[in-house]
Amino acid sequence: MSFIVSKFKCKGITFFSLLHVSHYSSRFSTAAVASIEPKILPDFSSCIVQDKDLFLKSLNPSGTGLHVLDLVEEGSFEPHPTLYHLLLKKCTFLRKPKLGKIVHAHISNSHFRGDVVILNTLLNMYAKCGCLDDARNLFDEMSLKDMVTWTTMITAYSQHDRPLDALLLFPQMLSLGFFPNEFTLSSLLKASAALPDTPQIYFHGAQLHGFSFKFGFHSNVYVGSALLDMYARSGCMDEAHFVFDVLLTKNEVSWNALIAGHARKGQLDRALSLFLKMLRQDFQPTHFTFSSIFGACASTGSLEQGKWVHAHVIKSGGEIIAFMGNTLLHMYAKSGSIQDAKMIFDRLVKRDLVSWNSMLTAYAQHGLGKEAVQCFQKMLNIGLVPNGITFLCLLTACSRAGLLEEGQYYFKSMKRYNIEPGISHYVTIVDLLGRAGLLNEALRFINEMPIQPTAAVWGALLGACRMHKNVEMGSFAAERVFELDPHDSGPHVLLSNIYASGNRWRDAAKVRKLMKESGVKKEPACSWVEIQNTVHMFVASDDSHPQMGAIYKKWEEISARIKEIGYVPDTSHVLFYMDEQEREVKLQYHSEKLALAFALLNSPHGSTIRIKKNIRVCGDCHSAFKCVSKVVGREIIVRDTNRFHHFYDGSCSCGDFW
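Sequence order as written defines residue numbering, which begins from 1 separately in each chain. Under the rules for a predicted model, residues below a pLDDT of 70 receive no local features and side-chain atom pairs below 80 are neither given nor counted, while totals for whole chains, interfaces and linings still include all residues. Excluded from the side-chain calculations are hydrogens and water; all other atoms, namely the structure's heavy atoms, are used.

Caption draft 1: Structural context of the overall build of the protein. Every helix listed is a DSSP run of H or I at least four residues long, and every strand listed is a run of E at least two residues long, numbered separately from the N terminus. The secondary structure content of the protein amounts to 32 helices and nine strands. In the protein, the share of contacts with a sequence separation of at least 24, taken over all contacts with a separation of at least 6, comes to 62%. On the protein, roughly 31200 Å² of surface is accessible, and the fraction owed to carbon and sulfur atoms is 54%. What makes two residues a contact is simply this: any of their non-hydrogen atoms within 4.5 Å. Only the protein chains shown count as cover for residues, and the accessible areas themselves come from Shrake-Rupley with a 1.4 Å probe.

Caption draft 2: Just the sheet that holds strand β5 (residues 534–539), in detail. Note on pairing: DSSP must find at least two bridges between two strands before they are called paired. Read from one edge to the other, the open sheet built from six strands follows the order β5-β4-β6-β7-β8-β9, with strand pairing classed as mixed. Whereas interior strands pair on both sides, the edge strands pair on one side only; in this sheet they are β5 and β9 (651–652). As defined by bridge partners, strand β8 (residues 644–648) adjoins β9 across two bridges and the pair is classed as antiparallel. Residue pairing across strands places Tyr 648 opposite Ser 651, the latter belonging to β9. Against the sheet, helix α31 (residues 591–602) makes contact with β4 (526–531), β5, β6 (609–613) and β7 (636–639), and its axis sits at roughly 15° relative to β4, the strand it touches most. Whenever a helix is involved, its axis is fitted only over the stretch in contact; in every case the axis is a line through C-alpha atoms, and angles between N-to-C directions fall within 0 to 180 degrees.

Caption draft 3: Spotlight on the pattern of salt bridges. Salt bridge, as used here, is a side-chain nitrogen of Lys or Arg placed within 4 Å of a carboxyl oxygen of Asp or Glu. Evaluated as defined, the whole model comprises twelve salt bridges. A salt bridge links Arg 162 to Asp 165; the shortest N-O distance between them is 2.9 Å. To sort residues, take the accessible area from a 1.4 Å probe on protein chains only and compare it with the maximum for the residue type: under 20% means buried, over 50% means exposed, and anything in between is partly exposed. Taking the relative accessible area as the measure of exposure, Arg 162 reaches 29% and is therefore partly exposed.

Caption draft 4: Geometry of the pairing of β6. Of all five residues making up β6, four are buried, and the element is well covered by its neighbours. Two elements, β4 and β6, share three bridges in a ladder whose sense is antiparallel. Bridging from a neighbouring strand, Trp 528 pairs with Lys 612 of β6. Sheet analysis places β6 next to β7, joined by four bridges and oriented parallel. Across the sheet, residue Ile 611 finds its bridge partner in β7, namely Val 638.

Caption draft 5: Looking closely at the UniProt feature "repeat: PPR" (unreviewed entry) in the protein. UniProt positions are given in the numbering used here, feature names are shortened, and annotations may be inferred rather than shown by experiment. As annotated in UniProt, the feature "repeat: PPR" (unreviewed entry) corresponds to residues 115–145, 146–180, 251–285, 352–386 and 387–421 in the numbering used here. When the span residues 146–180 is considered, its composition is 74% helix and 0% strand, and the gap between its end C-alpha atoms is 11 Å.

Caption draft 6: Spotlight on the environment of Ala 595. Checked against the element boundaries, Ala 595 lands in helix α31. Classification of Ala 595 as buried rests on a relative accessible area of 0%. Setting aside residues up to four positions removed in sequence, Ala 595 forms contacts with Ser 527, Val 529, Phe 538 and Ile 611.

Caption draft 7: Region of interest: helix α32 (residues 619–632). Between its first and last C-alpha, α32 extends 20 Å over 14 residues, near the 20 Å set by a 1.5 Å rise per residue. Counting buried positions along α32 yields twelve of 14 residues, so the element is predominantly enclosed. Regarding α32, the residues found buried are Gly 619, Asp 620, Cys 621, His 622, Ala 624, Phe 625, Lys 626, Cys 627, Val 628, Ser 629, Val 631 and Val 632. Helices are assigned an expected span. That span is 1.5 Å times one less than the residue count.

Caption draft 8: Helix α17 (residues 322–334), seen in detail. The first and last C-alpha atoms of α17 sit 18 Å apart over 13 residues, in line with the 18 Å expected at 1.5 Å per residue. All of the buried residues in α17 are Ala 322, Met 324, Gly 325, Asn 326, Leu 328, Leu 329, Met 331, Tyr 332 and Ala 333. In this structure, the buried residues of α17 make contact with α15 (287–300), α16 (303–315), α18 (338–347), α19 (353–365) and β8. Of the residues one or two after α17, Gly 336 is the one with positive phi, at around 95°.

Caption draft 9: Molecular detail of the packing of helix α14 (residues 268–280) against α15. The N-to-C vectors of α14 and α15 enclose an angle of 155°; their axes lie 10 Å apart at closest approach. In terms of their interaxial angle, α14 and α15 are classed as roughly antiparallel. Crossing geometry of α14 relative to α15 is assigned as left-handed. Contact residues: α14 offers Leu 268, Leu 272, Phe 275 and Met 278, while α15 offers Thr 289, Phe 290, Ile 293, Ala 296, Cys 297 and Thr 300. Think of it as three bins: nonpolar holds Ala, Val, Leu, Ile, Met, Phe, Trp, Tyr, Cys and Pro, charged holds Asp, Glu, Lys and Arg, and polar takes everything else, Gly as well. Across the contact of α14 with α15, the residue classes break down as eight nonpolar, two polar and no charged. When describing relative orientation, an angle under 35 degrees is termed roughly parallel and one over 145 degrees roughly antiparallel, while 65 to 115 degrees is termed roughly perpendicular and anything else oblique. Crossings are assigned a handedness: left-handed for a near helix turned anticlockwise from the far helix by less than a right angle, right-handed for a clockwise turn.

Caption draft 10: Up close: unusual backbone geometry. One non-glycine residue with positive phi stands out, namely Asn 418, at about 55°. A positive phi is found at Asp 649, a non-glycine position, where the angle reads about 55°. Mapped onto the elements, Asp 649 comes out in the loop between β8 and β9.

Caption draft 11: Local environment of the packing of helix α12 (residues 237–246) against helix α13 (residues 252–264). Here α12 crosses α13 at 165°, and the two axes come no closer than 11 Å. Relative to α13, the element α12 is oriented roughly antiparallel. Seen along the crossing, α12 lies across α13 with a hand that is left-handed. Contacts from Met 237, Ala 240, His 241 and Phe 244 of α12 reach α13 at Ser 254, Trp 255, Leu 258, Gly 261 and His 262. Of the residues assigned to the contact of α12 with α13, the class counts are five nonpolar, four polar and no charged.

Caption draft 12: Layout of the confidence of the model for the protein. The pLDDT score gives, residue by residue, the confidence of the prediction method on a 0 to 100 scale. In the predicted model, the protein carries a mean pLDDT of 85, and 89% of its residues have values of at least 70. Mean pLDDT across the secondary structure elements of the protein bottoms out at helix α1 (residues 30–40), with 34, and peaks at helix α24 (residues 439–447), with 97. Here residues 1–49 is modelled with pLDDT under 50, and outside its nearest four sequence neighbours on either side it reaches 87 contacts, counting other chains as well.

Caption draft 13: Structural context of the packing of aromatic side chains. Classification of ring pairs rests on two measures: the distance between centres of Phe, Tyr or Trp rings, Trp counted by its six-membered ring, which must be within 6.5 Å, and the angle between planes, read as stacked under 30 degrees, edge-to-face over 60 and tilted in between. With the rule as written, the count across this model stands at 25 aromatic pairs. Ring centres 5.8 Å apart and planes at 45° place the aromatic pair Tyr 426 and Phe 445 in the tilted group. In this pair, Tyr 426 is assigned in helix α23 (residues 423–435) and Phe 445 in helix α24, connecting sequence segments 19 residues apart. Taken as a pair, Tyr 426 and Phe 445 share a single burial class, namely buried. Among the aromatic residues, ring-to-ring pairing joins Phe 376, Phe 391, Tyr 409, Tyr 410 and Tyr 417 into one connected group. Note on geometry: a ring has a charge over it if NZ (lysine) or CZ (arginine) is within 6 Å of the ring centre and within 35 degrees of the ring normal. Between the NZ or CZ atom of Lys 145 and the centre of the ring of Phe 139, over which it lies, the distance is 4.9 Å. Over the ring of Phe 244 we find Lys 250, and its NZ or CZ is 4.9 Å from the ring centre.

Caption draft 14: Structural view of the pairing of β7. Here β7 shows a buried face lined by Ile 636 and Val 638 and a second buried face lined by Ile 637 and Arg 639. Whether a crossover is right-handed depends on one test, that the path from the first strand over the helix to the second runs clockwise when the strands point away from the viewer. Each parallel crossover has a hand, and the one from β6 via α32 to β7 is right-handed. Pairing geometry for β7 and β8, over four bridges, is antiparallel. Counted as the bridge partner of Ile 637 is His 646 from β8. Between the antiparallel neighbours β7 and β8 lie four residues.

Caption draft 15: The arrangement of the environment of Val 539 in detail. Mapped onto the elements of the fold, Val 539 is located in strand β5. When the C-alpha positions of Val 539 and Ser 591 are compared, they lie 4.6 Å apart, and in sequence the two are 52 residues distant. In this view, Val 539 contacts Ala 525, Cys 526, Ser 591 and Leu 594; residues no more than four positions away in its chain are not counted.

As structure tokens, then:
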């Protein structure tokens, strides 16, 4: 890199700066620069003003806005391209687009107004500062463009969540005879990966892949990494692996893209396998690597694997910075360990709003409403302003903990922060009122909502009617749900439960018939438990597990013990008309009971049992688990689609409402 020391004195002030000249090396030789420098920048000696003083404001109110440009205007010295570049680069680095606009105005009135190199620097300044409209106006006004111009504009759109605008420039660029380089293609592929739906991603991305292959860029590390990220985001992991395998050179970005793709699909085993392979090939995982794996662990509730990766972060000396810490916190919370989630939150190097929202979400998932309220107050005390997500987490926590007054208070206080409640906020209030048994108030609240109630709103009322066995209102709420979302099986099952609990078997049968005629299928229930880093999955009446004989025997033993302390099978949860004995037998082999029996057989005595289920926990299983926690003296944590249930000493954290 070549430099010249520019030194000039005007009005008693000497300016001193290191100015890059390599940018113009193709247009000016070193000798040429040396020959023109004395004419433009006369040598004087006196006090020195450094680069930071280039942003001195005009001394005269009618000046340009910058003193150094005023000196040019006055003819104290001639303008030089390097001066404009230095000013624009400082504007870019300091994110000062207003000062950049002053420089832009001065360039427009100089003989450099058509200089493509200076205008590209100006375009880059607007792009990096997020002034996309100003960047596009400049781009359209430029009579002469080069490949840097097109790449800068495409990259600007790609990096600022305007992917379609970036992609639309590509055919225009090709029609004018420009061919993209590796940086252009990388930005275009990043733009295609950011499109809103998978078909669009694949459509544009596959065409760009063909273009990259045709012109020999597909094996380039930058283009290849962007390609495999595009395929991974569209869920095409076979194609992503193909691109990865043909890369001549791999870097952390390409590894991260592949790991993140498997993590998004919930394929934790594949993500961990790649992580280990990455380590063996001496690539250092980044915060993005760890965040992806923690996200996969959270989706599957894999606590042991998450702990192992967390231990690796500690051993490698990595700091738990905000975004990685947030995913780690989320992983522990979703895996049932709220204590570890709180520990991570307390140890975060820096907590942002996402960190606080993540902690509030964790408390909500585990039904810890009072702790959520305390956390929210601490957040306010340090001056952090809540957003709509914050209030949603807080209201959900209040709802699941039965904090009626607190929930109503915080819902009303949203106006204080100029936050308009969304449909999710209204759902939590209906759920809150329903939990308290205030079904008429909940219905009135729905009718008075300023926005149209959705299936989720009526579903919350339906759930409350199931809990409080209000058949009439439950039927009414179910009809509204069927109208708005006829393909969701959940409300049909809830209504069947309501009818069955009231021994209205004909009505329950009608609901089942309606489901069949409408093509609505109930998702098969399955439960899984992790023992010694191995996941064991069960479905109702399962006989495929190698230990099934021992599992059945164990549950029969446990069932006999809990009946001694008052457990009575709730046969209303069997949705078929059969005699009482047959219904009771069918209840005993639900998937969560089989998972529990297996865990009791294979886990250390006194250890916490963690079970995951893909749908809502059965009411009878819920009653049974409360009794089991008492007779075996162990905590049982069940994660279903709604929340966490912590069973201990005969009670559940949900207060029997979920």
